Amino acid sequence: MIQLNTLFKLLFSGCLCMLWCLTVTAQTIDSTSTVVIQNQPENLELNLQEDINLGFETATKHDIVGSSSTVKPGDFLKYDTTQWVRDALSGRLTGLQGGSSIRGLGDALIVVDGIPGRSIDLLNMEEIEEITILKDANVSALYGAMARNGVIVVTTKRGSTEKQFNISASTGVRLPISMPNYLSSADYMEYFNEARANDGLGEIYSTEQIQNHRSGANPYRYPNVDFYNDGNFNPLTPYANVTADFAGGSENTKFYINLGFKSDGSFQSVSQENDKGAKRFNVRGNIDFKVNDWIKSSLDVVAIIDKNRTSRSNIYLSGSTIRPNLYSPLLPISEIDFSANPDLRGIVDAANQYDGFLLGGTQVFNGGAIADIYAGGYQTNMTRISQVNNAIDFDLGALAKGLSAKSYVSFDFYNAYNLSVQNAYAVYEPTWNDDNKIIDLINVRDNDLKDQIETVNTNIFTIRYGFYGLLNYERQLNENHAIDASLIGFANNTYVRSEQQSAKNSHVALGLNYNYKKKIYGNFSGAYVNSVKLADGNRAKFAPTLGLAYVLTEEPSLKESSWLNYFKLRTSMGVVYSDLGIQDYFLYDAIYQQEGGGYSWGDTNGAGYNNASTKILRGQNPSLDFEKRTDYTLGFEALLFNKFWLEANVFQSIIGEQVIRASTLYPDYYNSFRPYSNFNKDQYSGFEIGVNYHTKTKNSTIDLGARALYTTSKRTVVDEVYQDEYQNRKGTPVDAIWGLESLGLFDVDEFNDDGSLKGNLPTQYGTVKPGDIKYKDQNGDNIVNDQDIVQIGRYASPWSFGSDITWSYKAFTFFALLTAELGRDGILSGDYYRPQGDAKYSEVVEGRWTEATADTATFPRLSSTGNTNNFEKTSTYWMYSHDNFRIQRVQLTFDLPNQLVDKLKMKDINLFTSVSNLAEFSKNKDIRQLQLGSNPMFRYFSFGARMKF
């Protein structure tokens, strides 16, 4: 018997109570009075009868048994014109965490027009007709092993008999929200002297040197290089996006074409010649045609070309490693004293010049970000993508009423390559005189030579082809009973040139649907999956699922209710067998290695033979099996007063039989023989709830949506052996952060006169001094080591929220999308937050520990050498909270007057202005918004228009 956890029991009890209350209340209201709802909107019950594409099949919202959520961009794209699909999904769908994780299980399978595995990032929102997320095992079962983390089904637009011509165009700018803040040369030199003093070493920068760098009197001789100044970057980077689509045809032939162009300016602005930015062109076309009375077919073609030309160096990335006082990357020709050294005239005339400057450096630092950008050449990143689909639909009603079939063939080609042109260039080390003039130049690198090396590297070369065939039987048996059965055969092969094995997926799936009076629904779905990652004889398995639903509002007592328009109670359970977590092929095989050494054998000493020895590296396990997701869901959905839509689910997913090299199954001496086994098990559980409200008056319309997701995880079976029980991973979250518990920083009075720790304090990692991090001794052995590591946080958010607000008043519409996270932690890492040795110092070191700042310090003492205790250990000292509330997007839309639209012979014109990444409210906003890497986080401002002809 299935043991329901507390969440299931609560929701089950709540559903029963709700059922009783709804029945009694509805009967009471309807029998005593008539409720009149003012300003009645359009009939939202019609939405329950719209077809929803589930990938391999379609069904109405009313008839779907499993747990799913759907959005149609056509319903909101006019008021939220974002073209990034993940951004559009984030916060908008119940049960979706971020833009691709369903219920926190990980990245879901993306299905585009029936093809699993395609990238959602290749689409723009104007191309999309519908997006549906399939959350539980029952509703996603037809996708077999690939559906372990749920499925996101994307359906693109198709042609129609009505001629359509739409254009959407927008332009705008983006500006960085936060930029790195590194110390000036003088401050760095002072702090580094302090770091050396803390290590018992002498100063290397004199007071005079520091003052020369601080004064700025000669910034080329005494440099103070800020790689993140406005001169190196565009404060406002332009971008533009234009899409146009055409649709039309007749009953026999329909077509659709979508054309898109996107341009992103370069954030880096050092070289106008090389930093050109990115341009993307895409075309999507499809045609649906009728071959005869019982055969229909369709052909889809997609082509995408993406080009991005940049310098060979990214200053935002590489500038983080070059200290500000090392050298001046540019030397002004105006500061060269040719009278003191006439030979310099020839050197300068022969050298490449850059707006009156030469490239500067030293014998050690003879290149770097600025030099590579000015003189190193350029690189062009090209991406070319093509996709082709062909579907044939057969109406086999002549053989059996309700019988149909479909075949679907697809082919994808992905190619991404980098073309780089590398130049040789000269870098000069100057000699300065007392008058701050350059009197000598030494070339410390190379000669100036252009277009010397051209290199082409293929980054991605992928070919994917797939096929599925579907046989469907759908019958209304009589007035009360209906069945719908589907049999699917699917095969998919993805070849990646850099990988030795192609990724292969194949399965046969069966879906059986039954409904009684559109009131009671049953669904049995399952997939017989196959995996080439497992041994012969163990490569196939059947994964069954079962779903039940009860539409209470089809009962006579509730059917005519004036306020309860729809209520469905549902539950499902099932299994998904998957090989997605099996990271390699042939893990079931034993591996032997022939060593270089050997052994002698023979009848007498000196007369034998030398043979190479062989040892086993991994044992064999032909019984290695699939990983297993066991899924339970209980929930309901309801429509009240034709204005309120409610949906809620509690769920539990158990990911078991995980493939690892378990050590606890075997004795220690069996270590090298250990095979891969199915062992670990994780449990995910939680609940989700979504509410939508719609109301309309003569001049105003309001749509409000709110969604919440709570997901917690627990490791229930773990291969582990720890001496101390508190270190066991069993019972802790899957996303747990493990580290040391910090007790703050050591103070001076915790040390003896000889620098040793006082007797009552446990030893730490190496020799510590005042200002170093102090860790808690968890087991009381008076030694802090890895035995004192405990759970200190979580990497994922157990709580996530989303809300969208749309308010229309006459010709104006205001839209806002809000999101929030609670319970997620992060760890500060990298040289920006944990600089040690001679790494570049950021602003964080200003809070360093000294005896004077002991009570307020936010950073350990500085050290000019490596410090394992302070900077190489994960601990609560470096942990921060990710809790946040964000205003992700706001948009204001204006509909032009109908009289003007009619005169222009158009159907609709609206203008809009929007802001993305508008604001964030969080305790650690500065950390969250500082994005270190190739680019900062941006705020986007745009203006545009959408026109329908």
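Here the structure is a predicted model, which is why all the values come from computation and not from measurement. (Residues numbered from 1 in each chain as written. Predicted model: local features only at pLDDT ≥ 70, side-chain atom pairs only at ≥ 80, totals over all residues. Heavy atoms only, no water.)

A look at the overall build of the chain
Phase 1 of the analysis: Scanning the chain from N- to C-terminus turns up 14 helices and 43 strands.
Phase 2 of the analysis: Counting only C-alpha atoms and orienting by the principal axes, one finds that the chain spans roughly 105 × 95 × 70 Å.
Phase 3 of the analysis: The buried share among the 949 residues of the chain stands at 51%.
Phase 4 of the analysis: A sequence separation of at least 24 residues applies to 71% of the contacts in the chain between residues at least 6 apart. (Helix = DSSP H or I, 4+ residues; strand = E, 2+ residues; numbered from the N terminus. Buried < 20%, exposed > 50% of the residue type's maximum accessible area, 1.4 Å probe, protein only. Contact = heavy atoms within 4.5 Å.)

A word on the pairing of strand S43 (residues 938-948)
Phase 1 of the analysis: Pairing analysis gives eleven bridges linking strand S10 (residues 164-176) to S43, with the strands arranged antiparallel. Paired with Ile167 across the two strands is Met947, which belongs to S43.
Phase 2 of the analysis: Sheet topology note: the strand S42 (residues 908-921)/S43 ladder contains nine bridges and is antiparallel. Within the sheet, the bridge partner assigned to Ser914 lies in S43 and is Ser942. (Pairing = 2+ DSSP bridges.)

What to know about the environment of Pro73
Phase 1 of the analysis: Here Pro73 shows up in helix H2 (residues 73-76).
Phase 2 of the analysis: Residue class for Pro73 comes out buried when judged on its relative accessible area of 0%.
Phase 3 of the analysis: The contact partners of Pro73, leaving out residues within four places of it in the chain, are Met125, Ile128, Glu129 and Glu130.

A word on the confidence of the model for the chain
Phase 1 of the analysis: Averaged over the chain, the pLDDT score is 90; the fraction of residues at 70 or greater is 93%.
Phase 2 of the analysis: Across residues 1-41 the pLDDT falls below 50, and counting only partners more than four positions away or on other chains, this stretch makes 57 contacts in the model. (pLDDT = per-residue confidence, 0-100.)

Quick notes on the side chain of Glu720
Phase 1 of the analysis: Assignment of secondary structure puts Glu720 in the loop between strand S32 (700-717) and strand S33 (736-739).
Phase 2 of the analysis: Lacking a salt bridge, the buried Glu720 has Arg729 as its closest oppositely charged neighbour, with an N-O distance of 5.2 Å.
Phase 3 of the analysis: Separated by 2.6 Å, the side chain of Glu720 and the backbone nitrogen of Arg729 make a polar contact.
Phase 4 of the analysis: Here the side chain of Glu720 touches Lys730 through a polar contact of 3.1 Å, landing on its backbone nitrogen.
Phase 5 of the analysis: When sequence neighbours within four positions are dropped, the list of residues in contact with Glu720 reads Thr664, Gln727, Asn728, Arg729 and Lys730. (Lys, Arg positive; Asp, Glu negative; His and termini not counted. Salt bridge = Lys/Arg side-chain N within 4 Å of Asp/Glu carboxyl O. Polar contact = N/O pair within 3.5 Å; in protein donor to acceptor, adjacent residues only side chain to side chain.)

Looking at the pattern of salt bridges
Phase 1 of the analysis: Going through the model one piece at a time under the given rule, you end up with 44 salt bridges.
Phase 2 of the analysis: Between Lys518 and Asp63 there is a salt bridge whose closest N-O contact spans 2.9 Å. Of the two residues, Lys518 is situated in the loop between strand S23 (503-516) and strand S24 (520-530) and Asp63 in the loop between strand S2 (58-60) and strand S3 (68-71); the sequence distance between them amounts to 455 residues.
Phase 3 of the analysis: Asp63 sits in the buried class, given a relative accessible area of 19%.
Phase 4 of the analysis: With a closest N to O distance of 3.7 Å, Lys72 and Glu130 form a salt bridge. Taken together, the residues Lys72 in the loop between S3 and H2 and Glu130 in strand S8 (residues 128-134) connect sequence positions 58 residues apart.
Phase 5 of the analysis: We classify Glu130 as buried; its relative accessible area is 5%.
Phase 6 of the analysis: Here the salt bridges do not stand alone but share partners, grouping Glu821, Arg824, Arg886, Glu920 and Arg928 into one network.

Remarks on the pairing of S32
Phase 1 of the analysis: Here strand S31 (residues 677-696) runs beside S32; their pairing, made up of 16 bridges, is antiparallel. The residue bridging Phe687 from the neighbouring strand is Tyr710, located in S32.
Phase 2 of the analysis: Between S31 and S32, which pair antiparallel one after the other, the connecting turn spans three residues.

Looking at a nonpolar patch on the surface
Phase 1 of the analysis: A cluster of nonpolar side chains, contributed by Val242, Phe255, Ile257, Leu259, Phe261, Phe281, Ile287, Leu299, Val301, Val388, Phe411 and Tyr465, occupies part of the molecular surface with about 940 Å² of accessible area.
Phase 2 of the analysis: At the level of elements, strand S12 (253-264), strand S13 (277-290) and strand S14 (295-311) are the ones that each hand at least two residues to the nonpolar patch.
Phase 3 of the analysis: Of all the elements, S12 adds the most residues to the nonpolar patch, at four residues.
Phase 4 of the analysis: By secondary structure assignment, the location of Leu299 is in strand S14. (Patch = residues over 30% accessible without salt bridge, like charges linked within 9 Å, V, L, I, M, F, W, Y side chains within 5 Å. Areas by Shrake-Rupley, 256 points an atom, 1.4 Å probe, with all protein chains shown as cover.)

Considering the sheet that holds S8
Phase 1 of the analysis: The sheet built from five strands is open, its strands ordered S3-S8-S9-S6-S7 with mixed pairing. Of all strands in the sheet, those with a lone pairing partner are S3 and strand S7 (115-116), marking the two edges.
Phase 2 of the analysis: Pairing between strand S6 (residues 109-112) and strand S9 (residues 151-156): four bridges, direction parallel. Residue Val111 lies in a different strand from S9, and its bridge partner there is Val153.

Things to note about the nonpolar core
Phase 1 of the analysis: Counting 58 residues, the largest nonpolar core has Phe227, Ile315, Leu359, Tyr841, Val845, Leu862 and Trp878 as its most contacted members.
Phase 2 of the analysis: Counting only elements with at least two residues in this core, the list comes to helix H5 (185-198), helix H7 (315-318), helix H9 (369-375), strand S35 (773-775), strand S36 (790-794), helix H11 (830-833) and S43.
Phase 3 of the analysis: No other element matches the six residues that H5 contributes to this core.
Phase 4 of the analysis: Residues in contact with Phe227, not counting those within four places in the same chain, are Asn232, Phe233, Ile315, Gly319, Ile322, Ile370 and Lys840.
Phase 5 of the analysis: By size, the runner-up hydrophobic cluster in this structure holds 37 residues, among which are Leu134, Leu534, Val575 and Tyr588. (Core = buried A, V, L, I, M, F, W, Y, C linked by side-chain atoms within 4.5 Å.)

What to know about the side chain of Asp63
Phase 1 of the analysis: Polar side-chain contacts of Asp63 include one of 3.2 Å to the side chain of His62.
Phase 2 of the analysis: What Asp63 contacts, discounting residues up to four positions off in sequence, is Lys518, Tyr521 and Lys568.

Overview of the packing of aromatic side chains
The description of two aromatic rings rests on the distance between their centres and on the angle between their planes.
Phase 1 of the analysis: Inspection of every chain in the model, using the stated rule, returns 48 aromatic pairs.
Phase 2 of the analysis: Site record: aromatic cluster; members linked through ring pairs are Trp84, Tyr182, Tyr228, Phe233, Tyr239, Phe267, Tyr316, Tyr832, Tyr833, Phe938 and Tyr940.
Phase 3 of the analysis: Positioned above the aromatic ring of Tyr585, the side-chain terminus of Lys533 is 5.6 Å from the ring centre.
Phase 4 of the analysis: Note that Arg729 overlies the ring of Trp738, its terminal NZ or CZ placed 3.8 Å from the centroid. (Phe/Tyr/Trp six-rings, centres within 6.5 Å; stacked < 30°, edge-to-face > 60°. Lys NZ or Arg CZ within 6 Å of the ring centre and 35° of its normal.)

Observations concerning the environment of Asp451
Phase 1 of the analysis: Here Asp451 is to be found in strand S21 (residues 449-476).
Phase 2 of the analysis: Relative accessible area serves as the criterion here: at 52%, Asp451 is assigned to the exposed category.
Phase 3 of the analysis: Distance from Asp451 to Asn423, taken between C-alpha atoms, is 5.4 Å for residues 28 residues apart in sequence.
Phase 4 of the analysis: For Asp451, the contacting residues outside a window of four places in its chain are Val421, Gln422 and Asn423.

So, the packing of H5 against helix H6 (residues 207-215)
Phase 1 of the analysis: Running from amino to carboxyl end, H5 crosses H6 at an angle of 155°, the nearest separation of the two axes being 8 Å. As summarised for this structure, H5 and H6 are arranged roughly antiparallel, according to the angle between their axes. Here Ser185, Ala186, Asp187, Met189, Glu190 and Asn193 of H5 come into contact with H6, specifically with Gln209, Ile210, His213 and Arg214. (Axes fitted to C-alpha atoms, helices over the stretch in contact; angles between N-to-C directions. Parallel < 35°, antiparallel > 145°, perpendicular 65-115°, else oblique.)

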